[in-house]
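Spelled out, the chains give:
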Amino acid sequence: AENSPDVVVCTTPILFCHTLVKVLPADVNVIIYVDDLFDMVPVWMERDILERLVQVAWSETSNVYFLASAPFVAALVEYSWGLEIPAISRVAAYVPSMEHK
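For clarity, every value in this text was computed on a predicted model and none was experimentally measured. (Residues numbered from 1 in each chain as written. Predicted model: local features only at pLDDT ≥ 70, side-chain atom pairs only at ≥ 80, totals over all residues. Heavy atoms only, no water.)

## Structural notes on the pairing of strand β2 (residues 29–34)
- Sheet topology places strand β1 (residues 7–10) next to β2; four bridges connect them, and they run parallel. Each bridged residue has a counterpart across the sheet, and for Cys10 the counterpart in β2 is Ile32.
- A crossover connection joins β1 to the parallel β2 through helix α1 (residues 14–23); in handedness this β-α-β unit is right-handed.
- Across five bridges, the pairing between β2 and strand β3 (residues 64–68) is parallel. Bridge pairing links Val34 to Ala68 in β3. (Pairing = 2+ DSSP bridges. Helix = DSSP H or I, 4+ residues; strand = E, 2+ residues; numbered from the N terminus. Right-handed = clockwise from strand over helix to strand, strands pointing away.)

And the structure:
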């Protein structure tokens, strides 16, 4: 769509990421950045939602990508969910402005 973003990054809760994938136009890329195991959703619901997102991500025309914040998180996701995802550590941190008012 004309005013749609090219990329949307989502972290948690997984239910919100799932909703974004469903409502965004098909040409918008969605990166699900895992910085911890998903929370704030009952375990049975989390697993169901995760399985649906993984199915979408594995399709040939998918615009959904999973990334882990660190190798440890990627290993934890693989152990917990059986899903191998790449790890891309943060390369910058936000710091307060040095301007004095």
